[in-house]
Amino acid sequence: MKAISIQTFGSPDGLAIVGLPVPAPAAGQVLIATEAVGVGGVDTVIRSGALAAYGFKEGHIPGSEVAGTVTAVGDGVDASWIGRRVWAFTGTGGGYVEQALAPVEEIVPLPVNLSAVDAVTLGSSGVVAHFGLRHAHFASGETVLVRGAAGSIGIMTVQLAAHAAAAVAVTTSSAERGEQLRRLGATHVLDRSGDGGEPSPAGYDVIIDVVAGKDMPSFFDRLNPNGRMVAVGAVAGQPPADFGTKIMAAFQKSMSFAAFSAATVTAAERRAVRSEQFAAASRGEIETVVHEVLPLDAAVLAHQKMDAGEVFGRIVLTP
């Protein structure tokens, strides 16, 4: 089968097409003929080599979410899964392939009228947005700032917060993207520094940060008393080592910071939320934003677009 491998850490040119044998599912696994593969920000970070210290090695197959049809099951898995269309989480890799393995507890059946492309646009990002807001103890009607709102996680966070009657501000890189985010529920559009040419909330109850990086500490200044910032990503890299001094310097505001990973949520909870969100998307209540659909062979181009900051929503690869 065809797969995409990180042959050399660094630029997207380090990705290459390789041939691999079709794997057999082990106990507790399913094999999926992939129809769509989501390209995530974490894929580009792994490809860059920034996470090599965490055990990622050259030769790694990137990709964590796929959608397609189950073609085989391992021991202990109900054979009725065979032939069913599913979304699947493959882990920290293994998704950029024609035939993907996934644990049965990490698959979710798809509604008949939800495409595989839409499923991988929503599957991971929707769960992170949902539980990221919950981790922030977000309440209906609060003010929310989504930092780095043009990616799939940010877009989903905007929609979920807007559905809860929140005033939702976003940071983004262009007026065009700002208008797209307004259509999805944003009420205020700011530039990447958090400033805007229009009146906006003086402070925010919740900040959901997809970006992190060196500028993250400056956003503590924008939290209201008892405000909460939750980092759900780090596409700009790690924040400065001393970022917590900002919180301590404003001690009397009782601000808080937390990181959030969906890995800390049980598989059952993730499946339940994904099922609800897939159903909502099939009814048109949640919008999936697909930037572009490219063939699996074009993974290098997909990563080039991600690195250039050209993507609004999700790039999807199709084998």
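My aim in this report is to walk through the structure given alongside it, one point at a time. Computed from a prediction, not measured in an experiment: that's the story for all the values here.

1. Here's the deal with the sheet that holds strand β9 (residues 167-171)
Moving on, step 1. Read across the open sheet, the six strands follow the order β10-β9-β8-β11-β12-β13; overall the sheet is parallel. A single partner strand is all that each edge strand has here, and the edge strands are β10 (188-190) and β13 (256-259). Mean inter-strand twist for the sheet, computed between neighbouring axes without regard to direction, equals 15 degrees.
Moving on, step 2. Here four bridges tie strand β8 (residues 143-147) to strand β11 (residues 204-209), and the two strands are oriented parallel to one another. What sits directly across from leucine 145, in β11, is isoleucine 207.

2. With respect to the pattern of salt bridges
Moving on, step 1. Taken as a whole and judged by the stated rule, the model has 15 salt bridges.
Moving on, step 2. The shortest N-O distance in the salt bridge between glutamate 142 and arginine 228 comes to 2.8 Å. With glutamate 142 in the loop between α2 (116-135) and β8 and arginine 228 in strand β12 (residues 223-231), this residue pair connects regions lying 86 residues apart in the sequence. Each member of the pair, glutamate 142 together with arginine 228, is buried.
Moving on, step 3. Within this structure, Glu292, Lys305 and Glu310 form a network of salt bridges that share partners.

3. Overview of the pairing of β8
Moving on, step 1. With five of five residues buried, β8 lies mostly within the body of the structure.
Moving on, step 2. Alternating positions in β8 separate into two faces, Thr143, Leu145 and Arg147 on one and Val144 and Val146 on the other, with burial throughout.
Moving on, step 3. For β8 and β9, the ladder comprises five bridges, and the chain directions are parallel. Opposite threonine 143, over in β9, you have alanine 167 as the bridge partner.
Moving on, step 4. In the classification by handedness, the crossover that spans β8, the intervening helix α3 (residues 152-163) and the parallel β9 is right-handed.

4. Details of the packing of α2 against helix α6 (residues 267-282)
When two helices pack together, their arrangement is given by the angle between the helix axes and the distance between those axes.
Moving on, step 1. Contact geometry for α2 and α6: axes closest at 9 Å, N-to-C directions at 120 degrees. Here α2 is positioned oblique relative to α6, judged by the angle of their axes. Crossing of α2 against α6: the hand is right-handed. Residues Ala119, Leu122, Gly123, Ser124, Gly126, Val127, His130, Phe131 and Arg134 of α2 pack against Glu269, Arg270, Val273, Arg274, Gln277, Phe278 and Ala281 of α6.
Moving on, step 2. For the contact of α2 with α6, a count of residues per class yields seven nonpolar, five polar and four charged.

5. Observations concerning the packing of aromatic side chains
Moving on, step 1. Overall, the coordinates contain four aromatic pairs when judged by the stated rule.
Moving on, step 2. Measuring from centroid to centroid gives 6.4 Å for phenylalanine 220 and phenylalanine 243, while their planes differ by 15 degrees, and the two rings are stacked. On the criterion of sequence distance, the pair formed by phenylalanine 220 in the loop between β11 and β12 and phenylalanine 243 in the loop between β12 and α5 (245-249) is long-range, its members being 23 residues apart.
Moving on, step 3. Classification of phenylalanine 220 as buried rests on a relative accessible area of 1%.
Moving on, step 4. Among the aromatic residues, those joined into a cluster by ring pairs are Phe220, Phe243 and Phe257.
Moving on, step 5. The side chain of arginine 84 reaches across the aromatic face of tryptophan 81, ending 4.5 Å from its centre.

6. Considerations on the side chain of arginine 147
Moving on, step 1. Tracing the sequence through the fold places arginine 147 in strand β8.
Moving on, step 2. Leave out the neighbours within four places in its chain, and arginine 147 touches Thr171, Ile208, Asp209, Val210, Val211, Ala212, Asp215, Met216 and Phe219.

7. A word on α3
Moving on, step 1. Taking 1.5 Å of rise per residue, the 12 residues of α3 would be expected to cover 16 Å, and the 17 Å separating its terminal C-alpha atoms lies within 8% of that figure.
Moving on, step 2. By the criterion of burial, α3 is predominantly enclosed, with 10 of the 12 residues buried.
Moving on, step 3. When α3 is considered as a whole, its buried residues turn out to be Ser152, Ile153, Gly154, Ile155, Met156, Thr157, Val158, Gln159, Leu160 and Ala161.
Moving on, step 4. One or two residues past the end of α3 sits alanine 165, with phi positive at roughly 65 degrees.

Each value, and the rule that gives it
- Along every chain, residues carry numbers that run from 1 in the direction the sequence is written.
- Two thresholds apply to this predicted model, a pLDDT of at least 70 for residue-level local features and 80 or more for giving and counting side-chain atom pairs, whereas whole-chain, interface and lining totals are computed over all residues.
- Computation of side-chain values: all heavy atoms of the structure, hydrogens and water removed.
- When DSSP finds at least two bridges between two strands, those strands are taken to pair.
- Note on conventions: DSSP H or I runs of at least 4 residues are helices, E runs of at least 2 residues are strands, and numbering of each starts at the N terminus.
- Axes, fitted as lines to C-alpha atoms, cover a helix only where it is in contact. Angles between the N-to-C directions of the axes lie from 0 to 180 degrees.
- Each reported salt bridge corresponds to a side-chain nitrogen of Lys or Arg within 4 Å of a carboxyl oxygen of Asp or Glu.
- Burial here depends on accessible area, computed with a 1.4 Å probe over protein chains only, as a share of the maximum for the residue type. Under 20% is buried, over 50% is exposed, and the range in between is partly exposed.
- Convention used here: a crossover is right-handed provided that the path from the first strand, over the helix, to the second strand proceeds clockwise when the strands point away from the viewer.
- Should an angle lie under 35 degrees it is considered roughly parallel, over 145 roughly antiparallel, and from 65 to 115 roughly perpendicular; all remaining angles are considered oblique.
- We call a crossing left-handed when the near helix sits turned anticlockwise from the far one by less than a right angle, and right-handed when that turn is clockwise.
- Pairs of residues are marked as contacts when any of their non-hydrogen atoms sit within 4.5 Å.
- Under the scheme applied here, ten amino acids are nonpolar (Ala, Val, Leu, Ile, Met, Phe, Trp, Tyr, Cys and Pro), four are charged (Asp, Glu, Lys and Arg), and all others, including Gly, are polar.
- Aromatic pairs are defined between Phe, Tyr and Trp rings, using the six-membered ring for Trp, whenever the two ring centres lie within 6.5 Å; interplanar angles under 30 degrees are classed as stacked, those over 60 as edge-to-face, and all others as tilted.
- Placement of a charge over a ring requires the Lys NZ or Arg CZ to be within 6 Å of the ring centre, with the centre-to-atom vector within 35 degrees of the ring normal.
- The span one expects for a helix is its residue count, reduced by one, times 1.5 Å.

These figures come from the coordinates and say nothing about function on their own.
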